[in-house]
Each structure stands twice: as C-alpha cells, then as structure tokens.
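Topology and contacts: notes
The chain contents come next:
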Amino acid sequence: MGRVDVPVDVSSISSGIDDSNLRGPSKEGECLSGVEAMSESDQTAMAITDSQRAHGTGVKKHMSESFIDPFEVSIDVTLDDDDDDGDDDDKDDPDYEPPCNITIRPGAETFESLPLEDEDDEDDEDEVRNLETTQEEVGPGIRKIKTVEDITTVLDGQPCLTYIGQLLVLAMVKISHKCEVANCSRDVELSTEFIGSAVYLQWACQLGHIHFKWCSQYVLNQRLHAGDLLLSSAILLSGNNFAKVDLMARMLNLKIVSKSTFHKIQRFYLVPAIEEFWKEHQREILSKYNDDRLVVLGDGRNDSPGHNAQYCSYTIMENTTKDILEIVTMDKRETERKSGNMEKACFVKGMESLREKNIEMKEVVTDAHLQITAVMKRTYPEITHSYDIWHVAKNLGKKIVKAGQQKLCKALQKWSSHIVNHFWYSCKKAATYEEFLDVWLGVLHHVVDEHEWVLPYVNTNNHCDHGPLTDDREREWLKKGDPAHVALRKLVLDKRFLNNVKYFLNFRSTAELEIFQDLILMYAGKRFAYSPPVYRARNLLAAMDHNVHNNREAKRNKDGEVIQHRHFGKKSGRWSATILKEEKTYPHIRDLKKHILAKRLADKCGMQRQLELTATDPRQISQHLARIPPPPTSVIVQQQLERRT
C-alpha cells in the first residue's frame, strides 16, 4: 500500500495555511498548498525566528512547540497480517509496539544510520598506517613470529591487564640471581600468580626469602585490584553483558574477574554509585526549569513484547530541549503481577516524582493509553493532555486499509496514505474543534471529485484548499454513496474519533522518545535477564548518555562538509540519508568511575557480607515471578520422569 512521505507530498487534498513568513515571498501566480510550499526548501521551510517564538507570530503550531516536526515523519499505513483482527485505537496494550516505520528528521541518529563494523573510516587511516609498516623492529626485548611453527607461541601465551605505570616500575628494578639474605645464597626463582585480572611476579629463593614482588595493577583496600573494579565498571557502563565479555576473554586466553566477583562488585559498588550519580545529574537538569511551566513528553517501554513483560520503564522528557527529566522503572510484582498495569503505575510515579521536585507542567503528551487518559482527567485536570499525533495517524491509516480490504471497497486502499496526509494537515491547521471539522470533513467531498460544496460544516470553509489538479491521476475518484465511500464516511465521522479531536489539536509528537527507546536497548537488551536494581541502573545509564550527548554537532569531513550516511529501510523499501553527528565522548563516565572508586575506598567491610534488599526492591514482595513457590529441583525431575513413563 501507499506510504505517507511528508513533506514530499503531504496533501493533494487541502492546504491554504499562510506560511509566507516562513518561506519568504511567493512568486505571483503560484498555486501550491501550504505544505507543498514548505517542501520547497528544507533549509527555510521550518525556520522559526526568536521573535516568532516569543510573540507567537507566524504559523499557529510551529515546530518550536513540538519535539520533532511530525511533517518529517514517514508512516507506513500497510496493515500487518497479525493486525487485522482487532482495534488498537485505545492503545491499551502496554506491550504495543507500532509496526509502522518512522523516518526521523534529518540529523537524528538512529541505529540504522550507524556505520557498519566492517566499514572503513578515513579518519583511522593514519592509525592503520602506524599499525602496519615495512620497517623492521629489532632488539633483544622484541620477539618476532616468523614461521607457522611459531604460532603456538602466540596461542599458548598468557595476555594480562596491566598499567603502564606498573610496567615502568618493573623496568627500573634490578633483580639479583642469588638470594641476598644472610647465610643464604640460593638461586632466586621467578613465579607468577593470577588473582582476578591481575598478575603477580615474585622473585624468591627456595627457602621462601622474597627478593621482590610486583603486581600488574594498582591495589585498592582489602586487596581488590583496580583493574578488576574498573573492568567490571566498564562492562556495565558500556551496556555490555558479562557472559559475552567473559567468552571473549576466554577466546583470548585473558584472565578477568570471575562471574561471582563481577556480580558482587556490581551489587555493592556499581549500582549504588549509578543511582547516586543520577540523582546529582537529575538535580542539575531540573535546576534549569525551576521557574518554567513545561510541556513534557511521556512514553513507556516494556522489557519484552507481549503480556509477559517483567519490567516497564517510563521516560518523561522536556519538549523543547529534549532533556530527560525522569525515568521510572517498575517490576510487575509491584502491580500484582499484571504487566498491563505497569505503564500507568510508572506514569503516576513519574508525575508525582516531578511534582515533589517542584517541576510545574502545563501540558503532558503521551500515546492514546486509556488508563493514562483516565489518570490525567481524574488526578491532573489542570494539566492539558495531548496525544502523540503519529500514533493517532498510524491507527487511522490501519483502519482505512482494513476497511479497504472489505468486498467492494478495494478502491479505498489507494486513498489511505492521502487521507492520512489530510488528517495531519487538518491537525496542523486547526486551532479549535470547529476549525478541525471544517478542514477534516472536506475529504468526503474531495475523494468523489467535489472540491466545492454548498454549505460549510461549521464555519465558512466550503471548499478544498489545494490548487489546480492535474489530469494524469494515479487514483480513481470514488463514487458518492458506493460501499467504499460509505465505509470512509463511517471512519471520518466516527463518534469516538471526533470526541478525541481535542487531544490532537496541539499537534505534538513523541518521536524523540521513540529514538531514546532504541538507546535503552543498547544498555538493557530485551533478550537478557536483569535483577530489578540492575535493570534500573542500565536505564539510568541510557538517560545520562542521552542528556550529555543531546546537542552534538554534525560530523564533517576534512573539507568541512557535513557527512551523511545512507541506509535502506526494509519496511519502507527506499533509500534515505541521515546526517551523522560527532562521535560520543561520554564526558560523565570519568566522574562516574571516580565515584565508584571512592565508594570502594570508603567501604570498610568489603564484599564478604550479605547485602540486604532495599525497602523498594520488588523482591521484598516475592523472590519469584511465579505465583506459586518453586518445588525442589529433584521433585520437578521426578515429576517429569513420571510423565514420560
């Protein structure tokens, strides 16, 4: 079916919005729709001056009021095979993941736009030249591998993690071959020992007289090595998984911390440090908005699809700056093991948290979640509630396609994307319910080749807003009163749909939150299991990653030109290009690692103790997700054997 590609061809149905302030004077005699004119120049079409923002001049809903320009979003209105048996208009399913493809505004980085691992980077050519050279390295301390037989030397060798400072200490040491203890002149022998990722070298004689002892790493209190602590930190802070890193180390024959040591370090130092660091980071972010009434965006994400999710994370983002203000995680044990209730519970918890921090909100933008809509009406009536326009348009498109699959309604399918375009335009142009009806209902006339009608529906608009139409049309006009037109009339005049128009009129989008949900996947993949504190810590790391890299500049080549990356959308079936941004620098990680090291140095008890669960840990409710306690493994095995026999 068709796609909604905006702003390339937003609406052949309606226009008429006065955006001359945005695109400059038009040529005399031109007859372009407002949206078509906006597509003439990507550089000027959406330019909004500071004075317009301050005084509210120009277009009624310019993009400084919305997180992302929804007219730069593509919507796939094709009905999926598994979506043709129900109505998801209410978005009540907390695990709902839109099947539609989103093309974000130019410059927004998505995982599809990231370079492949096997792509060459011209910036790294100098490094490659330094790694490979025909110049021979010679010296007694340089061992060269020249033959195939020498390969075993490399494979059997034992790499280790070491600090250059410790190597310099070792380089300055002079070791005697004979024991220098009185009355002992035995030979001094070298022995090695691995403790975690650190290697110890010890020179001692047969009687145990230690001549010199060297460690490859710095040693913290109670003999915990800095490399072990920082390696464990790096695994978590980079969003990695210990099992994968451990497998890589085994392939390399590299000694690292054990699984139990990693989890102890994570439990005692990493998770608490990340939580404390986030609170300080959040205070800095919120301090910028103490005197403002904010428009915030909210969206939830489950850790797995379907109704069996264990965790839900709900993110609240400021609409203008794209700062993440709050992120709430919840275990389904906190909602009586009902995954469907987690998004609502997270939303309420996040709203109350921001209120406790004296953040004043004038508008909240969410998807069309029925439970959240009810909460907004009942608990926050003074706050305007808006729906994400993309989700609404997507659901409308699915309904049109589904209606077009009915007998005698096939012609409606070719109009699906254009009707959705018209819905976008109607929401953008209208400031009131009456204005929306005047524009929106005109589609019933347009599809039957009527572009003027006798009486307006509400105010004074009794014609289409588009310019002259061409004769070479790809779609046939519908016939008034035929089944396809009747089916469309039912959708356009649907009472429930029209009752929700008030949620569309502010023309908001949560597309930036959709991008952030992808970033969470880097830190908390859906195919891995985490304890509740670790799952929250990984979500907090994603939030801090987003905030510190929020305003990166576009990446440029040596000639100063902006670098763009092309990628092919499998669902959209087309090529597109996105502007690459400068590489992330993670400036907060150094301070976070410093905080982790400080926590270890301040710990007088070490890790050989029982860590009690916090009062808010959902494992206080139940140790297991199952509703019944698990029987002993031996009993389960016996029951399975009995069933087989």
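Placed above this text is the structure.
Anyway, here's the lowdown on the structure attached to this text. (Residues numbered from 1 in each chain as written. Predicted model: local features only at pLDDT ≥ 70, side-chain atom pairs only at ≥ 80, totals over all residues. Heavy atoms only, no water.)

1. Focus: the pairing of strand β12 (residues 574-579)
Successive residues of a regular strand alternate their side chains across the two faces of the sheet. Rules: At least two DSSP bridges between two strands are needed for those strands to be called paired. Numbering of helices and strands runs from the N terminus, with a helix taken as a DSSP run of H or I at least four residues long and a strand as a DSSP run of E at least two residues long.
In the sheet, strand β11 (residues 564-569) pairs with β12 via 6 bridges, with the strands oriented antiparallel. Looking at the pairing, R566 lines up with A577 of β12.

2. What about the sheet that holds strand β6 (residues 293-302)?
The condition that has to hold: In this analysis an axis means a line fitted to C-alpha atoms, helices contributing only their contacting stretch, and an angle means the value between N-to-C directions, from 0 to 180 degrees.
With mixed pairing, the 5 strands of this open sheet are ordered in space as β8-β7-β6-β9-β10. Edge positions in the sheet fall to β8 (324-331) and β10 (384-387), since each has one partner strand and no second. The sheet shows a mean angle of 25° between the axes of neighbouring strands, taken without regard to direction.

3. Regarding the side chain of S216
Cut-off, in case you're wondering: Residue exposure (1.4 Å probe, protein chains only): buried if accessible area is under 20% of the type maximum, exposed if over 50%, otherwise partly exposed. Whether two residues are in contact is decided by their heavy atoms: any pair within 4.5 Å suffices.
Of note, S216 is situated in the loop between β5 (210-215) and α7 (226-237). Given the relative accessible area of 0%, S216 is considered buried. Contact partners of S216, with chain neighbours within four places excluded, come to L161, T162, Y163, Q166, A198 and V199.

4. A short note on the environment of I164
Mapped onto the elements of the fold, I164 is located in helix α6 (residues 164-171). In sequence terms I164 and S216 are 52 residues apart; their C-alpha atoms lie 8.6 Å from each other.

5. Some words on the side chain of E363
Put simply, the rule is: In protein, a polar contact requires one atom able to donate a hydrogen and another able to accept it; more generally it is a pair of N or O atoms within 3.5 Å, and residues adjacent in sequence count only if both atoms are side-chain atoms.
Relative to the helices and strands, E363 is located in strand β9 (residues 360-366). In this structure the side chain of E363 is engaged in a polar contact, spanning 3.0 Å, whose partner is the side chain of N506. Look past the residues within four positions of E363 in its chain and what remains in contact with it is L294, V295, V296, I383, T384, S386, N506 and R508.

6. Observations regarding the sheet that holds β5
Here 3 strands make up an open sheet; going across it, the order is β3-β4-β5 and the pairing antiparallel. Of all strands in the sheet, those with a lone pairing partner are β3 (189-195) and β5, marking the two edges. Each strand axis lies, on average, 15° off the axis of its neighbour in the sheet, ignoring direction. Against the sheet, α6 contacts β4 (198-204) and β5, and its axis sits at roughly 155° relative to β5.

7. Considerations on the pattern of salt bridges
Formally: For this analysis, a salt bridge means a side-chain nitrogen from Lys or Arg found within 4 Å of a carboxyl oxygen belonging to Asp or Glu.
Here the structure, examined in full by the defined rule, presents 18 salt bridges. In this structure, E275 and R536 form a salt bridge, with 3.0 Å as the shortest nitrogen-oxygen distance. Of this pair, E275 sits in helix α9 (residues 259-286) while R536 sits in helix α19 (residues 532-548), and the two are 261 residues apart along the sequence. Close ionic contact of K584 with D545 constitutes a salt bridge, the shortest N to O distance being 3.1 Å. Pair noted here: K584 is in the loop between β12 and α20 (587-602) and D545 is in helix α19, with a separation of 39 residues, a long-range link. With relative accessibility at 0%, the residue D545 sits in the buried group.

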